[in-house]
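# A structural walkthrough
What follows is each chain in one-letter form.
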Amino acid sequence: MAETSAQRVLSFWFETLGAKQWFAKDARLDRHIGDRFAALHEAARANELWAWRESPQGRLAEILLLDQFSRNLHRDRPQAFAQDPQALALAQVAVAQGADRHLEIAQRAFLYMPYMHSESLVIHDEALRLFTQPGLEENLKFERRHHEIIARFGRYPHRNAILGRSSTPDEQAFLTRPGSSF
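Rules used throughout
- Residues numbered from 1 in each chain as written.
- Predicted model: local features only at pLDDT ≥ 70, side-chain atom pairs only at ≥ 80, totals over all residues.
- Heavy atoms only, no water.
- Phe/Tyr/Trp six-rings, centres within 6.5 Å; stacked < 30°, edge-to-face > 60°.
- Helix = DSSP H or I, 4+ residues; strand = E, 2+ residues; numbered from the N terminus.
- Buried < 20%, exposed > 50% of the residue type's maximum accessible area, 1.4 Å probe, protein only.
- 1 Å grid on protein atoms, 1.4 Å probe; cavity = no way out; pocket = protein on both sides within 12 Å on 5 of 7 lines; lining within 4 Å.
- Points joined across faces, edges and corners; volume = space filled by probe spheres on them.
- Nonpolar A, V, L, I, M, F, W, Y, C, P; charged D, E, K, R; others polar.
- Expected span 1.5 Å × (residues − 1).
- Core = buried A, V, L, I, M, F, W, Y, C linked by side-chain atoms within 4.5 Å.
- Axes fitted to C-alpha atoms, helices over the stretch in contact; angles between N-to-C directions.
- Parallel < 35°, antiparallel > 145°, perpendicular 65-115°, else oblique.
- Left-handed = near helix turned anticlockwise from the far one by under 90°.
- Contact = heavy atoms within 4.5 Å.
- Salt bridge = Lys/Arg side-chain N within 4 Å of Asp/Glu carboxyl O.

## A closer look at the packing of aromatic side chains
- In this structure the tally under the stated criterion is twelve aromatic pairs.
- Aromatic pair phenylalanine 12 and phenylalanine 69: ring centres 6.3 Å apart, planes at 80 degrees, arrangement edge-to-face. Highlighted residues: phenylalanine 12 in helix α1 (residues 5-16) and phenylalanine 69 in helix α4 (residues 56-73), separated in sequence by 57 residues.
- Relative to phenylalanine 69, the ring of phenylalanine 37 has its centre 5.1 Å away and its plane inclined at 70 degrees; by these criteria the two rings are edge-to-face. Highlighted residues: phenylalanine 37 in helix α3 (residues 27-45) and phenylalanine 69 in helix α4, separated in sequence by 32 residues. The burial state of phenylalanine 37 is the same as that of phenylalanine 69; both residues are buried.

In structure tokens:
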């Protein structure tokens, strides 16, 4: 049986790559993702992959394209975050319909990742609940850090320069601390 495009996305993310590569800044990997998945990313951005939403795995693949792959394809540019609202909306529907319960725990973490990327405290309150599930303890530690930043600043200060936002003196001081950026 031929591998579908959604399966290619999932295989690449969960089998070819590993945890160290998921969050690393790697220009070579960014180019590879662009060469291999830019057309699918554009189709997801244009809402052309709606048929993928028929399965939990397809939903996850679409969310990965919009949330994670956007960050690789558009690293250090505003477009890296441009699909966050769309990815979050898809994740919210998936959770509301229970699609997350049909995914392996590592996959579930990435279905929830758009919640963590949000700059809304209301969304982070829900993220804390989602990441409290057994098996997601490591993700919960990161969500707590993200939640603290959003509770304090109402946004991610490390995105300010990329998004053309002015940083407050408190944000500037925060950004000088080790580990202030993700």
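That covers the picture; the talk isn't over yet.
## Here's the deal with the layout of surface pockets
- Counted as a void, the largest pocket has a volume near 860 Å³.
- Residue lining of the largest pocket: 31 residues in total, with Trp22, Phe23, Gln68, His117 and Phe182 positioned closest to the centre.
- When contributions to the lining of the largest pocket are tallied by element, the ones reaching two or more residues are α2 (19-22), α4, α6 (105-117) and α8 (137-153).
- If you tally residues by element for the lining of the largest pocket, the top one is α6, at seven residues.
- Here the residues of the lining of the largest pocket are counted per class, giving 17 nonpolar, eight polar and six charged.
- In this model, the second largest pocket occupies a volume close to 160 Å³.
- When residues in the lining of the second largest pocket are grouped by element, the largest group, five residues, is from α8.
- Grouping the amino acids of the lining of the second largest pocket by side-chain chemistry returns five nonpolar, two polar and four charged.

## Side note on helix α5 (residues 84-96)
- The end-to-end C-alpha separation of α5 is 18 Å, in line with the 18 Å expected for 13 residues at 1.5 Å each.
- Every buried residue of α5 is listed here: Asp84, Gln86, Ala87, Leu88, Leu90, Ala91, Ala94 and Val95.
- At the exit of α5 stands glycine 98, carrying a positive phi of roughly 80 degrees.

## So, the nonpolar core
- Membership of the largest hydrophobic core comes to 45 residues, with the highest contact counts inside it found for Val9, Leu65, Phe69 and Tyr115.
- Elements represented by at least two residues in this core include exactly α1, α3, α4, α5, α6 and α7 (121-130).
- Counting residues per element, this core draws most heavily on α4, at eight residues.
- Listed in part, the five residues of the second largest apolar core include Ile150, Phe153, Tyr156 and Phe174.

## Thoughts on the packing of α3 against α4
- Across the interface, α3 lies against α4 with an axial gap of 9 Å and an inter-helix angle of 135 degrees. One finds that α3 runs oblique with respect to α4. For the element pair α3 and α4, the recorded crossing hand is left-handed. Listed contacts from α4 to Leu29, Asp30, Ile33, Gly34, Phe37, Ala38, Leu40, His41, Ala44 and Arg45 of α3 are Glu62, Leu65, Leu66, Phe69, Ser70, Asn72 and Leu73.
- Looking at the contact of α3 with α4 residue by residue, the class counts come to ten nonpolar, four polar and three charged.

## With respect to the pattern of salt bridges
- Counting across every chain of the model gives eleven salt bridges.
- Note that aspartate 67 is salt-bridged to arginine 71, the shortest N-O span being 3.5 Å. Residue aspartate 67 and its partner arginine 71 are both found in helix α4; the two are separated by four residues, about one turn of the helix.
- Residue arginine 71 is classed as buried on the basis of its relative accessible area, which comes to 13%.
- Salt bridges linked by common partners bring Asp67, Arg71, Asp84 and Arg159 together as one network.

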